[in-house]
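Structural description and commentary
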Amino acid sequence: MIPISLSITGFLSYRDPVEIDFTTFDLACIAGRNGAGKSALLDAITWALFGQARQRGEAIINNQSDLAEVSLVFQYERNVYRVQRANPRGDTSVLEFQIAINQGSGIRDQGSGIRDQGSGIRDQESGNGEQGSGNGEQVAGNGERSTSKDAAGINNWSLNTITWKPLTERTMRDTQARIEETLRLDYETFVNAAFFLQGKADQFTQQRPGDRKRILANILGLEIWETYRKRTVDGRKTIESEINTLDGRLSEIHTELSEERARKKRLQELESDLERLAETKTAQADALEQIKKTIALLDEQRKMAASLAQRLDALKKRMSELELRLGARENEQKSYSQQIARADEIEAAYAQWQQLRDELSRWDEIAEQFREQEKRRRNPLTTIEADRARLTQELENLEERESGIRKQETGIGERKSQISNISSRISVLESRLAERKSLETELDSGRERLANAKAENPRLKAEMDELKARIDQLARADDDVSVCPLCEQSLSPDERKRLVDELNTDGTEMGDKYRANRKLLAEADELVTQLQSRIADLESVDDEVRERRRKYDQLAAQSKQIEALQAEWKVNGAPRMAEIEQALADENFAAEARTELAQIDAELKKIGYDAATHDDVRRAEVEGRAADDVHRSLGQAKAALDPLEREIESLNDEVSSLREQIQNLGADHTAATSALAAAEESAPDLRQAQRDLLDLQENENRLRMEVGAARQKVLVLGDLKQRRKSLDSERESLAKKAGQYKQLEKAFGKDGVPALLIEQALPQIEARTNEILDRLSGGDMSVRFETQRELKTRDALKETLDIQISDSAGARDYEMYSGGEAFRINFAIRLALSEMLAQRAGARLQTLIIDEGFGSQDEVGRQRLIEAINLIKSDFAKILVITHIDSLKDVFPTRIEVVKTERGSVVRVV
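Rules of the game
- Residues numbered from 1 in each chain as written.
- Predicted model: local features only at pLDDT ≥ 70, side-chain atom pairs only at ≥ 80, totals over all residues.
- Heavy atoms only, no water.
- Helix = DSSP H or I, 4+ residues; strand = E, 2+ residues; numbered from the N terminus.
- Buried < 20%, exposed > 50% of the residue type's maximum accessible area, 1.4 Å probe, protein only.
- Contact = heavy atoms within 4.5 Å.
- Areas by Shrake-Rupley, 256 points an atom, 1.4 Å probe, with all protein chains shown as cover.
- Core = buried A, V, L, I, M, F, W, Y, C linked by side-chain atoms within 4.5 Å.
- Pairing = 2+ DSSP bridges.
- Axes fitted to C-alpha atoms, helices over the stretch in contact; angles between N-to-C directions.
- Parallel < 35°, antiparallel > 145°, perpendicular 65-115°, else oblique.
- Left-handed = near helix turned anticlockwise from the far one by under 90°.
- Nonpolar A, V, L, I, M, F, W, Y, C, P; charged D, E, K, R; others polar.
- Salt bridge = Lys/Arg side-chain N within 4 Å of Asp/Glu carboxyl O.
- Expected span 1.5 Å × (residues − 1).
- Bend = angle between axes of the 7 residues up to and from the residue.
- Patch = residues over 30% accessible without salt bridge, like charges linked within 9 Å, V, L, I, M, F, W, Y side chains within 5 Å.
- Lys, Arg positive; Asp, Glu negative; His and termini not counted.
- Charge placed at Lys NZ, Arg CZ, Asp CG, Glu CD.
- Polar contact = N/O pair within 3.5 Å; in protein donor to acceptor, adjacent residues only side chain to side chain.
- Phe/Tyr/Trp six-rings, centres within 6.5 Å; stacked < 30°, edge-to-face > 60°.

Turning our attention to the overall build of the protein. In terms of helices and strands, the protein carries 19 helices and 15 strands. Residues counted as buried form 36% of the 910 residues belonging to the protein. Contacts in the protein between residues far apart in sequence, at least 24 positions, make up 77% of those at least 6 positions apart. Just so you have it, the protein exposes about 53900 Å², and 47% of that area is on carbon and sulfur atoms.

Right under this line is the structure:
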């Protein structure tokens, strides 16, 4: 994978859009202070490709942004791809994967190689900035190297001219899988192969020889075989558990089959008992049928007796109803006779009520005339009351206004005192403002003197050095020389002495001035700090002055407003309040309405309406209305008396007939009851017979269940024999499978397949390490890995992983090397392991990112690391080196400077 361009927006420390064009360089350093955002660029690449970085979820979104978005364009296997990943805050992430379909002639075969870094990494030791001699020449080797732009896949070509074909799948997971399938790398393999992180090489070489195989297995990703072994162990244990379960079930089957003879004997006994019980139950059922017939005859007799009792009760109930009805009719007859006897009294009361009704009608007519006049009185009364309410409300408003003015008068003295105090405080504050202005002027003057001193001292120093040089030159001149060594003019000894004195005087003046400036510079910071502190103490004076003046203006305005209100009240308010009080006291208002009301009252007197008499007549009429009801009842009594007497006679006849029927039916019921009692005494016990039959039925059912269970136990023996045969076969198959799992468990263990893979990988790692180390050491060093060592105590081999280094002094263990030699070995092994990881994933390692920690190296170590990068740069299309050391910036032909600003990180390629 070779990056072409990287665009970042709202990602980690990058708030504003940032874009990096990788086509302009092959080797570059990413420089900047700690925390500037250097590592965030690498996080952006891994997040775009794999959705993973140091942070997860919404943590990768910049705090000042709502969306993190990264777009990476890269070349791989002659194709150009673009990955765009976005994570909106509080929403679903988006992933797009595209391929360029009209790349044109601008795309170059990435396999054709890369251009030699002609400018190279500048020589740190000489410091003269001389550039390498490559100057565009191709590197000798496999012949697959061309220009750097060809390696990036770009030549006179713009991303804006590309047509992109989508490769995005239906889901993000499927799209991610397609990206990893295209790269032939997952996240873990990518960062371990392409990212040359600090400490990764030492993780392998600095371990004890006995632990290196385990570390190498982790680096090569062989820990998956331990996963396979654990799964195999789990599978074996599962099968063994199933075998144990089968053994338990087979044991149970053997136990049941041993009971075959006893089960068959038990079945025969139960079947005999069942046959005998069935015969007894049949006899009991026949006896029960005879008892039921006898009971049925008794039921008929009971029904007859119950029917007679029911008819007797009905006749008695009818007799009771007729007697009640006869009594009620006789009471009605008595009441009607009494009313007819009071006929004269009732007629007189009715005539008196009729007279009261006529009198009430006359008073109602007079009252109607009176009410018409009363309606006329409402309008003037309403007008009078409305004027009274208006004057009362106005009086209340004036009284409230007078009360408010009096309250305000009590605070006038306090306001005047406040105004005086505020005026005094404003005078004090204005004097402090004048003091602050003076301090600011003094501060500006001090800063100006400080700036002049800073600018003047370098000039004075240079002039002093020049004067000293001239004085020294004149002092060294020969006394006999008559020519000035400075201006080449004739110069006598006296003139030369005078000139030296003048120069010394000028030098002394300059020195005094220079020392005065230095003293000023030494004291300036303290002076400026003191002035700034005093000015800061006076910062709040402006605010206090404004607040005091605002309060002064507010109090003055309130005082003027109160005085105006008092003057207006004396002129208008107080006279009006006295006028209203007098009018209300004298009832001197609404004169027209009062005149109209007097006229209406005079007309009412002429009508002669007496409301008390009207009420008495009305009450007497209401009380006399009962005479009307009594009069109507008298007419009803006269009409109903004859029919009622005929109905009473008929009821007496019916009551006599019912008494005779009740007497006859009572005799029949007594005879039937006696016959039923005699039959019940000699009847058999039906319930006992039913219980006996039920007990026999329950015993039969129980025996049938026992027979069924016994028969089932006999029948199941055949199934158990077949089941035993099947379980024996299944157990044999599981035992064979468990043996296979044990073999796989051994093969997946550390001494199995992983050991074989390490043995196969070590020659390839060793060959590549020696190839790199040969270039790093100028052919003086080589590496050999030894996986076994003879034990001293016995004749056997110990599993280990020793690193033997050969150089001009012979072969030694890795642990015997230190400093630059150990670093070259570490670097070569780490790079070989990275390439091994990429090859195992089926990918090519074309981009290398080195973060080996320049800060942890001394000057010699840094130089060795730079030399190592120069030696292997021709093997990669792109190399990025991360550093925060300013002195290393100019060592690289290109640098990507990362700076942290108020709006986040920004990037500049220089």
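Read on, since the account is not over.
Below, the discussion takes up the nonpolar core. Core analysis: the largest hydrophobic core is formed by 96 residues, its most contacted members being Phe11, Leu49, Phe74, Phe190 and Ile879. Top contributing element to this core by residue count: helix H18 (residues 819-840), with ten residues. With near-sequence residues (within four places) excluded, Leu49 lies in contact with Met1, Leu72, Phe74, Val83, Arg85, Gln176, Ile179, Leu183 and Phe190. The next biggest cluster of nonpolar side chains, apart from the first, holds 16 residues, and it includes Leu308, Leu312, Ile648 and Ala672.

The next thing to look at is the pairing of strand S14 (residues 895-901). With three bridges connecting them, strand S3 (residues 27-31) and S14 associate as parallel partners. Residue pairing across strands places Ile30 opposite Ile896, the latter belonging to S14. As paired elements, S14 and strand S15 (residues 904-909) share six bridges and run antiparallel to each other. Each residue of the ladder has a partner; that of Val898, found in S15, is Val907. Counted along the chain from S14 to the antiparallel partner S15, the turn is two residues long.

Here the focus is the packing of helix H8 (residues 260-341) against helix H16 (residues 686-748). Angle between the axes and distance between the axes: these two values describe a pair of packed helices. In the contact formed by H8 and H16, the axes pass within 8 Å of each other and the chain directions differ by 155°. Of the possible angle classes, the one that applies to H8 and H16 is roughly antiparallel. Relative to H16, H8 is oriented so that their crossing is left-handed. Taken together, the residues of the contact of H8 with H16 break down into 19 nonpolar, five polar and 15 charged.

Adjacent strands of a sheet form backbone hydrogen bonds with each other and so pair up, either parallel or antiparallel. Reading across from one edge, S2-S1-S4-S5-S6-S7 is the order of the six strands in this open sheet, with antiparallel pairing throughout. Edge positions in the sheet fall to strand S2 (18-21) and strand S7 (164-166), since each has one partner strand and no second. Each strand of the sheet is rotated relative to its neighbour by a mean of 20°, with strand direction disregarded. Pairing analysis gives three bridges linking strand S6 (residues 94-100) to S7, with the strands arranged antiparallel. Each residue of the ladder has a partner; that of Gln98, found in S7, is Pro166. Sheet strands in contact with helix H3 (residues 172-183) are strand S4 (67-76), strand S5 (79-88) and S6, and its direction is about 40° off that of S6.

A full pass over the atoms with the stated rule returns 31 salt bridges. Its salt-bridge partner being Lys878, residue Asp26 comes within 3.7 Å of it at the nearest N-O pair. Of this pair, Asp26 sits in the loop between S2 and S3 while Lys878 sits in strand S13 (residues 878-883); the two residues are 852 residues apart in sequence, bridging distant segments of the chain. The exposure classification of Asp26 matches that of Lys878, with both residues buried. Glu332 is the salt-bridge partner of Arg329, the closest N and O atoms lying 3.5 Å from each other. Of this pair, Arg329 and Glu332 both sit in helix H8, separated by three residues, roughly a single helical turn. A relative accessible area of 32% places Glu332 in the partly exposed class. Residues participating in the shared-partner salt-bridge network are Arg266, Glu269, Arg702 and Glu706.

Look at helix H17 (residues 753-776): 34 Å from first C-alpha to last across 24 residues, which is about the 34 Å you get at 1.5 Å a residue. In the structure, H17 departs most strongly from a straight axis at Ala761, where the bend amounts to approximately 25° and where the proline Pro763 lies between one and four residues downstream. Listed in full, the buried residues belonging to H17 are Pro754, Ile758, Ala761, Leu762, Ile765, Arg768, Thr769, Asn770, Ile772, Leu773 and Leu776. Looking one or two residues past H17, Gly778 carries a phi angle of roughly 70°, positive in sign.

By the secondary structure assignment, Lys737 is in helix H16. With a relative accessible area of 40%, Lys737 lands in the partly exposed category. Separated by 498 residues in sequence, Lys737 and Ile239 have C-alpha atoms that sit 7.8 Å apart.

We now examine unusual backbone geometry. One can expect most non-glycine residues to show negative phi and most peptide bonds to be in trans. A positive phi angle is found at Arg78, which is not glycine, with a value near 70°. Although it is not a glycine, Ala590 sits at a positive phi angle of roughly 55°. For Ala590, the location among the structural elements is in the loop between helix H12 (541-586) and helix H13 (591-607). For Ala590, a relative accessible area of 15% corresponds to the buried category.

Moving on to a negative patch on the surface. A cluster of like negative charges, contributed by Glu396, Glu399, Glu400 and Glu581, occupies part of the molecular surface. With respect to the element layout, Glu396 can be found in helix H9 (residues 343-410). A relative accessible area of 43% places Glu396 in the partly exposed class.

Here we come to the side chain of Thr46. Along the chain, Thr46 falls in helix H1 (residues 38-50). Looking at Thr46, its side chain comes within polar contact range of the main-chain oxygen of Asp43, at 3.0 Å.

Turning our attention to the packing of aromatic side chains. Scanning the model with the defined rule gives eight aromatic pairs in all. Ring centres of Tyr81 and Phe97 lie 5.6 Å apart, and the angle between their planes is 20°; this geometry places the pair in the stacked category. With Tyr81 in strand S5 and Phe97 in strand S6, this residue pair connects regions lying 16 residues apart in the sequence. Pair check on accessibility: Tyr81 and Phe97 agree, each one buried. Look at Tyr228 and Phe748: their rings are 5.8 Å apart centre to centre, the planes differ by 55°, and that puts the pair in the tilted class. Linking Tyr228 in helix H7 (residues 223-257) with Phe748 in helix H16, this pair joins segments that are 520 residues apart in sequence.

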